[in-house]
Amino acid sequence: MRFILLFFPLLVLLFATQAKAQISGTVTHEREEPLPNATVLLLPDSIFAITDANGKFSIMPTRNGDHTVEAAYLAHGSMRKAVRYEGSPLTVDFSLIYSTERLGEVIIAGEHGHHDEMLSNVHLEEGFVEMETRGALAQTLDRVAGVSAINVGVGISKPVIRGLFGSRVIVMADNIKQEGQQWGSDHGLEIDQYDVEEVEIVKGPASLQYGSDGLGGVLNVLPRKIPEKNTISGSVLGNFRSNNLHGGGAVKLAVNANNIFGSLRYSRQEFGDYAVPADSFTYNDFRLPIIGGTLKNTAGQEQNISGTVGVLRKWGLTRVDISHYELNVGLFSGAVGVPRSYALTPDGDGRNVDFPSQRVRHLKAVVSQEFFFHDEEILHIHVGFQQNTRQEFSFPEFHSLPNADPTDRLAMELQLRTWTINGHYAHRINAKLKNTYGLDGQYQRNAVAGFEYLLPEFRTWRSGIYAISAWDATDRLMVQGGLRGDYGNNTSDFRKRYVYASSGAVRDSLSSPATNTDFFNISGSLGINHALKKKEWWLKANVGKSFRVPYPNETVSNGMHHGTFRHEIGTPDLDSEHGYQLDISTEWKRAKWQGSVAGFFNYFDNYIYLSPSGQFSTLPEAGQVYRYQQHDAIYAGFEADWEYNPWLWLQLHQAYEYVWNVNVETSLPLPFTPPGSMLSEVRLQHKGISIFQDAYLFVADRYVLAQNRVDRNELTTPGYNLLDVGLGFRVQGSKFKVAHVEVSFMVQNVLNTSYLNHLSRYRLIGVPEQGRNFVVTVKVPFSLPIPARQ
């Protein structure tokens, strides 16, 4: 921190010198929408730039005289313009035209949702994830307005979009739905954030294209990019975080020889127990110690390996994506059962994983086939298999199982196998009308093991068929609508588990009924995207009906869920949830000022939630029994985001978010609602001097409101402020063009603020979040041409 304060005036002076003339401009497509991540090349200097989210670029020539500026983008080909630079500012704009004939000769980044143009959405690149990195992907994305994260410590988290999470938010990865045990609030997202190159966040109802579970939105991790033709590329990344002595890295290697391509990536992270700015916490009026300010048994390891092989031709694309993710992480000893002082005493090793703990492994294989026809006709087919194995380890002392192995620590194992197939065909009828027809199917089998009981074995089936039409009514107005029909089935067998007293006698039993339930649903939407002023001001509006089929944890569970500190019992005759949703948003982009405002209103019919029953469980330390119920509910709120660039070297940014909800039956708020917040950031930036390029310095403050609107028996959470600072730059040698070095340094929670996260599992026992954290990330990307054959 002293280092930053000492050099702050010098950095301001450095950034202020950027008022030097540059060649700048915007790259758009034929609908005058900006093209982010387009490549712009200045010849003969061989200086390149990448357009930002608004399609803008700027290049600093090294000399005066005649130059050629070339812009290129995915499936849009390239365009060149001759310019003469005399030291004065120069503006060069490009409008590129889409053509499927070019698909065989360019890089294809991935498949975007058809419904996204009508809804509020955010597109993020690999650099954002790497340089804004937090403990896990969902926590990193927490900086996006309307997106939050439910977390357990620093290694386990899942995304929350507009207050909805779990089975109400779809996560897409490699073109199929990511399927784990996402229904549990202590079950994280099994995606390595260092294996993410591009991610889209769609905020709003997405059942039309993606089916059940799309009530809140979609987190779409796009497939890994195809390497540039006839190149060998890759990167080496290292990361260190001081709070829990986190050390990790990622290595990537990719090759493309005449559009036969492949890539391989490996990453591993290891971290110790993390520190909090507190020496004690309060649980049920008992004050318990946090010895040394460190949470015992919160260490862990994360590892991921992924690979892609494929071939790209003018007629189509064939690719295979395989990944294996593994997480082994401890849980704070005071967070399972009733906290006890003796369980909080350090064991002398701050990096070991003791009990309780969880281990997650996720294997995924996806085969994708795309056929390119003429005039924007594309057929997409994706077939995938996933195996998610989740194991929870603890001591069996309260279960009193007769003849049990006293050394057995496997409390629960859930093994979910998922087979997926989906496809859609996009067809342009004429210059103004484009139709998309799609279908999908998914089959799951879940097996269980361990001395705890929560769920029986079950099977599920989901399938659907849909059609979407997009009509370019004018050059400023697009109208899009669609319908979808779905069928789902949940099947489970009768299962019974006895509960024993310490004497060995049966004291109770836990049972789940046999079920075989069918569900039918119809959903649809209608939306507009209107350019109120070309290239500057847009209005989006969407009205739709979405749905969600109940998951077996809501219908046949019966047991102690230590992840939520309660005995949960399912209700077999639950109906599907139905959402009636309205989204309205506007966004504007001017030369120095841009922003967006989005509002939403959702009425949910048969909203499923856990409700306290007023009865106490017979299981040890289980507390009150909670049962799944259905009532109508309302969710409403807004997000706002603006950015102002008064000068090239200065950027001001703010983002706001707020969610309000109510259970119509009880008139009470729904549980786990994220509090409103405001993010403010000041960023200084400079294109560079000498070998130091793209330098930046930022100060960010996040103000989170108190959450006093809580459900019955849910704790309120006070508000707080968090201050972050950071700087970064790129080192590019004048003669060494094949590689460069990217460096970022960040201090998270600069003031070491003690605060409670309303969406954290540890909030239930009053344990604060991670304290001050120094984060250093260094990345070395490289790219080499493959020599042409003689």
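Residues numbered from 1 in each chain as written. Predicted model: local features only at pLDDT ≥ 70, side-chain atom pairs only at ≥ 80, totals over all residues. Heavy atoms only, no water.

Draft legend 1. Representation of the overall build of the chain in the model. Scanning the chain from N- to C-terminus turns up 5 helices and 44 strands. Relative to its full complement of 790 residues, the chain shows a buried share of 57%. Considering only contacts in the chain between residues 6 or more positions apart, those separated by 24 or more positions represent 68%. For the chain, the accessible area works out to roughly 32200 Å², and carbon and sulfur atoms hold 60% of it. (Helix = DSSP H or I, 4+ residues; strand = E, 2+ residues; numbered from the N terminus. Buried < 20%, exposed > 50% of the residue type's maximum accessible area, 1.4 Å probe, protein only. Contact = heavy atoms within 4.5 Å. Areas by Shrake-Rupley, 256 points an atom, 1.4 Å probe, with all protein chains shown as cover.)

Draft legend 2. Molecular detail of the sheet that holds strand 14 (residues 176–177). Across the sheet, 5 strands lie side by side as 9-15-16-13-14; this open sheet has mixed pairing. The outermost strands of the open sheet, each flanked by one partner alone, are strand 9 (120–125) and strand 14. Bridging between strand 13 (residues 169–173) and strand 16 (residues 217–221) involves 5 bridges; their strand directions are parallel. Of the residues in strand 16, the one forming a bridge with Val169 is Gly217. (Pairing = 2+ DSSP bridges.)

Draft legend 3. Inspection of the environment of Glu132 at higher detail. Within the fold, Glu132 resides in the loop between helix 2 (126–131) and helix 3 (137–140). A C-alpha to C-alpha distance of 9.6 Å links Glu132 and Val775, two positions 643 residues apart in sequence. When neighbours within four sequence positions are excluded, Glu132 is seen to be in contact with Thr140, Arg143, Arg683 and Met746.

Draft legend 4. The arrangement of the sheet that holds strand 12 (residues 164–165) in detail. Strand order in the open sheet formed by 3 strands is 10-11-12, and the pairing between neighbours is antiparallel. A strand with exactly one partner marks an edge of an open sheet, and here the two such strands are strand 10 (147–152) and strand 12. Sheet topology note: the strand 11 (residues 156–161)/strand 12 ladder contains 2 bridges and is antiparallel. Note on strand 12: the bridge partner recorded for Val160 is Phe165.

Draft legend 5. Spotlight on the pairing of strand 16. Of all 5 residues making up strand 16, 5 are buried, and the element is well covered by its neighbours. Neither face of strand 16 is open: one carries Gly217, Leu219 and Val221, the other Val218 and Asn220, and all of them are buried.

Draft legend 6. Highlighting the nonpolar core. Ranked by size, the top nonpolar core spans 21 residues in total, and within it Phe281, Leu295, Phe332, Tyr762, Ile765 and Val767 carry the most contacts. Of all the secondary structure elements, the ones that give two or more residues to this core are strand 20 (280–283) and strand 23 (316–330). Examining the composition of this core, we find that 3 residues originate from one element, strand 23, more than from any other. With 18 residues, the next largest nonpolar core counts Val122, Val129, Leu141 and Val144 among its residues. (Core = buried A, V, L, I, M, F, W, Y, C linked by side-chain atoms within 4.5 Å.)

Draft legend 7. Spotlight on unusual backbone geometry. Omega for the bond connecting Phe355 with Pro356 falls within 30 degrees of zero, at 0°, which places this linkage in the cis form. The topology assignment puts Pro356 in the loop between strand 23 and strand 24 (357–372). A positive phi angle is found at Asp694, which is not glycine, with a value near 50°. Along the chain, Asp694 falls in strand 41 (residues 692–704). Non-glycine residue Asn752 carries a positive phi angle of around 55°.

Draft legend 8. Structural context of the side chain of Asn435. Within the secondary structure, Asn435 sits in strand 27 (residues 433–449). The buried category is assigned to Asn435, whose relative accessible area is 10%. A distance of 3.0 Å separates polar atoms of two side chains, one belonging to Asn435 and the other to Tyr437. A polar atom in the side chain of Asn435 sits 2.6 Å from the side chain of Ser469. (Polar contact = N/O pair within 3.5 Å; in protein donor to acceptor, adjacent residues only side chain to side chain.)

Draft legend 9. Layout of the side chain of Thr389. On the secondary structure map, Thr389 appears in strand 25 (residues 378–393). The exposure class of Thr389 is buried, given its relative accessible area of 5%. Polar side-chain contacts of Thr389 include one of 3.5 Å to the side chain of Gln415. For Thr389, the contacting residues outside a window of four places in its chain are Arg359, Val360, Arg361, Glu413, Leu414 and Gln415.

Draft legend 10. Structural context of the pattern of salt bridges. Applying the stated criterion across every chain, the model contains 34 salt bridges. Of the charged contacts in the structure, one is a salt bridge between Lys364 and Asp174, with a shortest N-O distance of 3.8 Å. Here Asp174 lies in the loop between strand 13 and strand 14 and Lys364 lies in strand 24, a separation of 190 residues in the sequence. Taking relative accessible area as the criterion, Lys364 reaches 5% and is therefore assigned buried. The exposure class of Asp174 is buried, given its relative accessible area of 5%. Here Glu197 ties to Arg265 by a salt bridge, and the two come within 3.0 Å at their closest N and O atoms. With Glu197 in the loop between strand 14 and strand 15 (198–203) and Arg265 in strand 19 (residues 260–271), the pair connects residues that are 68 residues apart, well separated along the chain. (Salt bridge = Lys/Arg side-chain N within 4 Å of Asp/Glu carboxyl O.)

Draft legend 11. Representation of the packing of aromatic side chains in the model. Here the structure, examined in full by the defined rule, presents 19 aromatic pairs. Ring centres of Trp647 and Trp649 lie 5.4 Å apart, and the angle between their planes is 5°; on these two criteria the pair is classed as stacked. Plain terms: the ring middles of Tyr720 and Tyr755 are 4.4 Å apart, the flat faces sit at 35° to each other, and that makes the pair tilted. Highlighted residues: Tyr720 in strand 42 (residues 720–731) and Tyr755 in the loop between strand 43 (741–748) and strand 44 (773–785), separated in sequence by 35 residues. Among the aromatic residues, those joined into a cluster by ring pairs are Phe281, Phe332 and Tyr762. Of note, Lys589 hangs over the ring of Trp538, and the distance from its end group to the ring centre comes to 5.6 Å. (Phe/Tyr/Trp six-rings, centres within 6.5 Å; stacked < 30°, edge-to-face > 60°. Lys NZ or Arg CZ within 6 Å of the ring centre and 35° of its normal.)

Draft legend 12. Region of interest: the environment of Ile260. Within the element layout of this structure, Ile260 appears in strand 19. By relative accessible area, Ile260 is classed as partly exposed at 48%. Among residues more than four places away in sequence, those in contact with Ile260 are Val255, Gly310, Val311 and Arg313.

Draft legend 13. Inspection of a nonpolar patch on the surface at higher detail. A cluster of nonpolar residues, Leu526, Val543, Leu582, Ile584 and Phe601, forms a patch on the protein surface that exposes about 430 Å² of accessible area. Tracing the chain through its elements places Leu582 in strand 36 (residues 577–589). The exposure class assigned to Leu582 is partly exposed, which follows from its relative accessible area of 38%. (Patch = residues over 30% accessible without salt bridge, like charges linked within 9 Å, V, L, I, M, F, W, Y side chains within 5 Å.)

Draft legend 14. Highlighting the environment of Asn521. With respect to the helices and strands, Asn521 occurs in strand 32 (residues 515–533). Taking the C-alpha atoms as reference points, Asn521 and Phe547, separated by 26 residues in sequence, lie 7.1 Å from one another. When residues no more than four places from it in sequence are discounted, the contact partners of Asn521 are Arg484, Gly485, Asp486, Phe547, Val549, Ser576 and His578. At a separation of 3.4 Å, a polar atom in the side chain of Asn521 contacts the side chain of Ser576.

Draft legend 15. Structural detail: the confidence of the model for the chain. Scored by pLDDT, the chain comes out at a mean of 85, with 88% of its residues at no less than 70. Counting contacts from residues 1–20, a segment whose pLDDT is below 50, to residues more than four positions away or on other chains yields 30 contacts. This model gives residues 99–115 a pLDDT under 50, and the stretch forms 67 contacts once residues within four places in sequence are excluded. (pLDDT = per-residue confidence, 0-100.)

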